[in-house]
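# Residue-level structural notes
Each chain is listed here by its residues.
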Amino acid sequence: MIVRAAIILALLSIVLFAVPSLVGSDWITTFTSVAIYSVVALGLGILYGRVGMISLGQIALLVVGVWVGTRLSYGTGLPFPLLLLAAGAIACGVGILIGLPALRLSGLYLALITLMAAGAVSVVLTTINFPNGGKGFTGRTTSVDLSGLAPVRRPAIATGDTNYYRYVVIVSALMFVLALLHVAGKPGRAWASIRESEPAALAAGVHVTLYKLWAFALASFMTGVAGCLLAAQVGQPTAQSFQTQDSLTLLATVLIGGIFSIWGAIVAGIFNQLVPFVFQAQWGINPNFLLIIFGAGLLQVLLTAPGGLVQQLPKDLANLGRLVAHGVRKVAGSRGQSR
């Protein structure tokens, strides 16, 4: 455990200090998005991988976090940490409201309900759009000169892209710690029993309704925090940036990364944000081709690697290492015999 913690701290130090000195501003922005979407993927991983509930509404909760963070940034002078907590709390409440009628559903039915919720949020967002500094509940007005509109406020200690990247990484790391504490504690054991068998969990005295709502609340809170971080990164969010089908892409990348591992969320964030950036900005390839790649990768995971890349890749590398070592020994033995 101590060795693992030391390795994680070393990797976090590299991400915080070494990476910004090695890459340009475009890469910094992309890595910031990777950290944010890793938190969104983490919430979905808890729901599906830990509890067995398929949710396609995480992008809708992300939008709630973006909207709340944007509205409070323009309408109040709250410190940025309080904006994060407020966005997380409101997204948590919305997630619980979505989860309440879905408690008796599972599998495809739960996925359809949450997808419909995501579609409803998209319809509402298209109608009212994001706040832009106006008055009233929506905080939007068409009389504001958008060219001179100040962006969503960032924390005072992290106004620049590099410092904000470090800020986002630290907040994301705290969300991962929060998830690990839950998974390693009593909620994690309850979720595991529910995932294996709800009747068995009930027989063992697990409050299934409570722990399902707990999972929805935790995943929604983290996603809301990620939404507020995304609002400050984008500066001026637009409704066109968030589509219902993004929920399907998120689910595919989480499955490819590893739905049963906390660390699979990081791989999902890389696939969701870094890979499209490389395709479009670096190679000049239409990022829509990624849908084909994600589809093939998802099929591969479902057929041969249900644990995703985070579990399968170390096994493949170990097998490759043994194969190379065997080949080296065989060559060395044949040379020895020839002499």
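Let me begin by describing the structure that accompanies this report. None of these values were measured; they are calculated from a predicted model.

Another point: the pattern of salt bridges. This structure, assessed with the given rule, holds three salt bridges. With its nearest N and O atoms 3.6 Å apart, the salt bridge here joins E196 to R195. By relative accessible area, R195 is classed as partly exposed at 32%. For E198, the salt bridge is made with K212, and the minimal N-O distance between the two is 2.6 Å. Here the residue E198 occupies a position in helix 8 (residues 198–203), and K212 occupies one in helix 9 (residues 208–234), the gap between them amounting to 14 residues. Since its relative accessible area comes to 31%, E198 is described here as partly exposed.

Turning our attention to the layout of surface pockets. Its volume calculated, the largest pocket comes out at about 1,100 Å³. Along the wall of the largest pocket there are 29 residues; nearest its centre are I8, L12, F176, W263 and I266. Among the elements of the structure, helix 1 (2–22), helix 2 (25–51), helix 6 (161–184) and helix 11 (264–282) are those that each provide at least two residues to the lining of the largest pocket. Looking at the lining of the largest pocket residue by residue, the classes come out as 26 nonpolar, two polar and one charged. Empty space within the second largest pocket amounts to approximately 870 Å³. As for the second largest pocket, its lining consists of 28 residues, of which S241, D246, N272, Q273 and P276 are closest to the centre. In terms of residue count, the dominant contributor to the lining of the second largest pocket is helix 11 (six residues). Here the lining of the second largest pocket is built from residues that sort into 13 nonpolar, 14 polar and one charged.

Attention now moves to helix 10 (residues 246–257). Between its first and last C-alpha atoms helix 10 spans 16 Å; for 12 residues at 1.5 Å apiece the expected length is 16 Å, and the two agree. Among the residues of helix 10, those classed as buried are S247, L250, L251, A252, T253, V254, L255, I256 and G257. Directly after helix 10, the chain includes G258, whose backbone phi takes a positive value near 140°.

If you check the backbone angles, N129 has positive phi at about 60° while not being a glycine. As for its position among the elements, N129 is in the loop between helix 5 (107–128) and helix 6.

Okay, the packing of helix 6 against helix 7 (residues 186–196) next. How two helices pack is summed up by the angle between their axes together with the distance between the axes. Interhelical geometry of helix 6 versus helix 7 gives an angle of 65° and a closest axis separation of 3 Å. With respect to helix 7, the element helix 6 is oriented roughly perpendicular. Together, H182, V183 and A184 of helix 6 and P187, G188, R189 and W191 of helix 7 make up the contact between the two elements. Within the contact of helix 6 with helix 7, the residues separate by chemical class into four nonpolar, two polar and one charged.

Counting 78 residues, the largest nonpolar core has L62, F80, L84, M222, L229 and F242 as the members making the most contacts within it. The biggest single contributor to this core is helix 9, with 16 residues. Counting residues in hydrophobic clusters, the runner-up holds six residues, among them V275, F279, L290 and F294.

Assignment of secondary structure puts A265 in helix 11. Separated by 225 residues in sequence, A265 and V40 have C-alpha atoms that sit 8.0 Å apart. Not counting chain neighbours up to four residues away, the residues in contact with A265 comprise S38, A41, L42 and F176.

Residues L309, L313, L317, L320, L323, V324 and V328 make up a contiguous nonpolar surface patch of roughly 640 Å² in combined accessible area. Note on placement: L317 falls in helix 13 (residues 309–338). For L317, a relative accessible area of 53% puts it in the exposed group.

All told, the structure shown has 11 aromatic pairs when counted by the stated rule. Geometrically, the ring pair formed by F176 and W263 is stacked, given 6.0 Å between the ring centres and 5° between the ring planes. Taken as a pair, F176 in helix 6 and W263 in the loop between helix 10 and helix 11 lie far apart in primary sequence, 87 residues in all. Owing to a relative accessible area of 33%, W263 belongs among the partly exposed residues under this scheme. Between F279 and W283, the ring centres sit 5.4 Å apart and the planes meet at 45°, which makes this aromatic pair tilted. Pairwise contacts between aromatic rings join W27, F31 and F277 into one cluster. Above the plane of the ring of Y164 lies R154, whose end atom (NZ or CZ) is 4.5 Å from the centre.

Calculation notes
Residues numbered from 1 in each chain as written. Predicted model: local features only at pLDDT ≥ 70, side-chain atom pairs only at ≥ 80, totals over all residues. Heavy atoms only, no water. Salt bridge = Lys/Arg side-chain N within 4 Å of Asp/Glu carboxyl O. Buried < 20%, exposed > 50% of the residue type's maximum accessible area, 1.4 Å probe, protein only. Helix = DSSP H or I, 4+ residues; strand = E, 2+ residues; numbered from the N terminus. 1 Å grid on protein atoms, 1.4 Å probe; cavity = no way out; pocket = protein on both sides within 12 Å on 5 of 7 lines; lining within 4 Å. Points joined across faces, edges and corners; volume = space filled by probe spheres on them. Nonpolar A, V, L, I, M, F, W, Y, C, P; charged D, E, K, R; others polar. Expected span 1.5 Å × (residues − 1). Axes fitted to C-alpha atoms, helices over the stretch in contact; angles between N-to-C directions. Parallel < 35°, antiparallel > 145°, perpendicular 65-115°, else oblique. Contact = heavy atoms within 4.5 Å. Core = buried A, V, L, I, M, F, W, Y, C linked by side-chain atoms within 4.5 Å. Patch = residues over 30% accessible without salt bridge, like charges linked within 9 Å, V, L, I, M, F, W, Y side chains within 5 Å. Areas by Shrake-Rupley, 256 points an atom, 1.4 Å probe, with all protein chains shown as cover. Phe/Tyr/Trp six-rings, centres within 6.5 Å; stacked < 30°, edge-to-face > 60°. Lys NZ or Arg CZ within 6 Å of the ring centre and 35° of its normal.

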